[in-house]
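Each chain, written out:
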Amino acid sequence: MVIEIERKFLVTSDAYKKEAFKRARIIQGFLCTHKDRTVRVRIKEENGFITVKGISSDDGLSRFEWEKEISKQEAESLLDLCEPTIIDKIRYEVQVGSHIFEIDEFLSENKGLVIAEVELKQESEVVIKPEWLGQEVTGNLKYYNSQLSIKPFKQWR
């Protein structure tokens, strides 16, 4: 069983863009957004992926995650079966100390929202926080991509 340990933060400025060593466009949809599990289809550049995630721990730090690479064509076909809304975002990767932050700048229905995620090896791991990192939102369900597909950021106001 693979357990993902991750912390999420809001981002307060676009300073991360100058620090990024990688940038990629991601299109993803959800075949299932059940509270106990999600099934996600993703296209990242020229690659397709299908991912199953389980329910989060009480603190929101960890959960089961299984991912398999599929062809871009298979992912495109599966996106047609996904629940609305499709998530469209640009992902920036920034090295900070020994960690890589993945910063998602959301587009379309979630435009205006920018979230940074950092994966950990252990829940107690110390993370160096860059100056552009804002409020921690780990475990706050409304910031999960699956929930952003149900109630996009534009509807929050």
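Model, not experiment: these values are computed from the prediction.

Asks: Would you take a moment to explain the pairing of strand S4 (residues 47–54) for this structure?
Replies: A regular strand places its side chains so that they alternate between the two faces of the sheet. Most of S4 is tucked away, with six of its eight residues classed as buried. With eight bridges connecting them, strand S3 (residues 37–44) and S4 associate as antiparallel partners. Bridge assignment links Val-39 to a residue of S4, and that residue is Val-52. Following S3, the chain reverses through two residues before pairing antiparallel with S4; Glu-45 in that reversal takes a positive phi of roughly 60°. Strand direction decides the pairing type here: S4 and strand S5 (residues 62–70), joined by six bridges, are antiparallel.

Asks: Just to check I follow, could you spell out the pairing of strand S2 (residues 22–34) for this structure?
Replies: Note: S2 against strand S6 (residues 83–96), eight bridges, orientation antiparallel. Following the sheet pairing, Arg-25 is matched in S6 by Ile-90. Note: S2 against S3, eight bridges, orientation antiparallel. Pairing of Phe-30 across the sheet is with Arg-40, part of S3. Hairpin geometry of S2 and S3 is characterised by an intervening segment of two residues between the two adjacent antiparallel strands.

What counts, and at which threshold
Residues numbered from 1 in each chain as written. Predicted model: local features only at pLDDT ≥ 70, side-chain atom pairs only at ≥ 80, totals over all residues. Heavy atoms only, no water. Buried < 20%, exposed > 50% of the residue type's maximum accessible area, 1.4 Å probe, protein only. Helix = DSSP H or I, 4+ residues; strand = E, 2+ residues; numbered from the N terminus. Pairing = 2+ DSSP bridges.

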